[in-house]
Amino acid sequence: MAITAAMVKELREMTGAGMMDCKKALTATEGDMDKAVEFLRENGLAKAVKKAGRIAAEGLCRVLVSDDAKKAVVVEVNAETDFVAKNEKFQTYVGQVAEQALETNAADIEAFMAEPWKFDTSATVQEALAGQIAVIGENMKIRRFQKVEEANGFVASYTHMGGKIGVLVDVETDVVNDAVKEMAKNVAMQAAALKPAYTNRDEVSADYIAHEKEILMAQIMNDPKESQKPEKVIAGMINGRINKELKEICLMDQVYVKAEDGKQSVSQYVASVAKENGAKIKIKGFVRFETGEGIEKKEEDFAAEVAKQMGM
C-alpha cells in the first residue's frame, strides 16, 4: 500500500512522533493507522496519542443549569468561522439550543433534531437550524448535547475560553453551601484544564489496563538494558507506570491544580472540604465538551509541506 503524505500527517498529529518515524511505522504496518500507533508506542516513539485531527472547527459550547441546580446540560453548536462564533445572533441561538436540550427527552441527537422547536413549534429543531443558516449565511451544525441530573445534590458547571470548553460535574452531597459550591466549581475547572478521560479508576476497564500493560511490556523488551532486569522488577516497573498514567487520566487521582503543596489529589481536596463542612460528598461524574474536538479541517498546505520534506 502506498503511504501518502496525508497519512503521515495524520499519524504525526495523533502521536507527536517525527515524520520519518511515522513513515517507517506506516510502512511496517502496511498503512494500518491503529497498528502504526501501536508500533510507535511499542518502540517508545509516540509522545502522546491524541484524537485524530486538529481541533479546527469553530463554534461554541454552552452550559445551562436549572434554577434548583438539580439538572443541567452542555451543548456544542459548530460554525465555519470564528467570526460567526463570536456573532451575537449565533450566541443567542446557541443559548436557545441549550434551553431546548435542558427540557428534551430525546436520547440522541437524531431524535433531538426531529422534535418541535421550543421557540416556534411549527418547525422542528432541524428546520429551525436551517432557518438560522439562511440568516447567518454560514453552515452550522448542532453537534451534540449531554444532560446530567442529580436528585441528591447538585450539578456544577464551568465554561472556559468564552465557550470553547464546557464542563458539568455531578455532585452528590448532603450539604449544599457556598464552600461546597466553590469546591464543585474548582473540580469543574480542573476537568476543563487537565482534560481527564475518567472520573475515577472504577471507570477504567480491565481490558484497557491489560492493553496498556502489553504496550509497556513491549517498550521494556525493546530496551536492551531494561529487558535484562528480573521478571519481578519488570512487573513492578509496569505497575508503577500504569499507576502514573491513571493519576493523569482519572479526575479524582489527578494532582489538584490549586494544591499549595503540589501533591494533594482532587479526591483529597474534596475529602478535606467534606470534613470542614460536616458533609458527605461524592463526585459521581463529569462531562467535558471542547469545541471542534475530533473534527478535522483540510490542511492541504501542511500535507504538501510534509510531502516536500519527505520527497514523496
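Summary of the structure given here. (Residues numbered from 1 in each chain as written. Predicted model: local features only at pLDDT ≥ 70, side-chain atom pairs only at ≥ 80, totals over all residues. Heavy atoms only, no water.)

1. Some thoughts on the layout of surface pockets
One number sums up the size of the second largest pocket: a volume of about 170 Å³. Around the second largest pocket sit 10 residues that line it, and A57, N78, A79, E80 and N139 are the ones nearest its centre. Mapped onto the lining of the second largest pocket, the elements with two or more residues apiece are β2 (71-79) and β5 (140-149). Residues that form the lining of the second largest pocket fall into these classes: 4 nonpolar, 2 polar and 4 charged. (1 Å grid on protein atoms, 1.4 Å probe; cavity = no way out; pocket = protein on both sides within 12 Å on 5 of 7 lines; lining within 4 Å. Points joined across faces, edges and corners; volume = space filled by probe spheres on them. Helix = DSSP H or I, 4+ residues; strand = E, 2+ residues; numbered from the N terminus. Nonpolar A, V, L, I, M, F, W, Y, C, P; charged D, E, K, R; others polar.)

2. Regarding the sheet that holds strand β1 (residues 58-65)
Ordered by their spatial adjacency, 3 strands build an open sheet running β1-β2-β5, and the pairing between neighbours is antiparallel. With partners counted over all chains shown, the strands left at the sheet margins are β1 and β5, one partner each. Within this sheet the neighbouring strands show an average axis-to-axis angle of 15°, counted without direction. Against the sheet, helix α5 (residues 88-103) touches β1, β2 and β5, its axis set at about 140° to β2. (Pairing = 2+ DSSP bridges. Axes fitted to C-alpha atoms, helices over the stretch in contact; angles between N-to-C directions. Contact = heavy atoms within 4.5 Å.)

3. A short note on unusual backbone geometry
Even without glycine at this site, A69 takes up a positive phi of about 60°. Relative to the helices and strands, A69 resides in the loop between β1 and β2. Of note, M161 is a non-glycine position whose phi angle comes to about 55°, a positive value. Position of M161 relative to the elements: it lies in the loop between β6 (153-160) and β7 (165-173).

4. Re the packing of α5 against helix α7 (residues 125-136)
Look at α5 against α7: their axes get within 11 Å of each other, and the N-to-C directions meet at 175°. Considered as vectors, α5 and α7 are oriented roughly antiparallel to each other. Of α7, the residues touching α5 (which contributes K89, F90, Y93 and Q100) are V125, L129, Q132, V135 and I136. Classifying every residue of the contact of α5 with α7 by side-chain character gives 6 nonpolar, 2 polar and 1 charged. (Parallel < 35°, antiparallel > 145°, perpendicular 65-115°, else oblique.)

5. Side note on the sheet that holds β7
Across the sheet, which stays open at both edges, the 3 strands sit in the order β6-β7-β8 with antiparallel pairing between neighbours. On the outer flanks of this sheet lie β6 and β8 (281-290), each paired with one strand and no other. Averaged over all pairs of adjacent strands, the angle between strand axes in this sheet comes to 15°, irrespective of strand direction. The pairing of β7 with β8 spans 9 bridges and is classified as antiparallel. The partner of V171 across the bridge, within β8, is I283. Contacts from helix α8 (residues 178-194) reach β6, β7 and β8, with the element oriented near 45° to β6.

6. What about the pattern of salt bridges?
In the structure shown here, the tally under the stated rule is 15 salt bridges. Among the ionic pairs, E58 bridges to K164, the shortest N-O distance being 2.9 Å. In this pair, E58 sits in strand β1 while K164 sits in the loop between β6 and β7, placing the two residues 106 residues apart along the sequence. On the basis of relative accessibility, which here comes to 24%, the residue K164 falls in the partly exposed class. The salt bridge partner of E293 is R144, with a shortest N-O separation of 3.6 Å. Placement of E293 in the loop between β8 and α12 (300-310) and of R144 in strand β5 is noted, with a sequence separation of 149 residues between them. Taken together, the shared-partner salt bridges in this structure form one network comprising E76, R143, R144, K195 and E293. (Salt bridge = Lys/Arg side-chain N within 4 Å of Asp/Glu carboxyl O. Buried < 20%, exposed > 50% of the residue type's maximum accessible area, 1.4 Å probe, protein only.)

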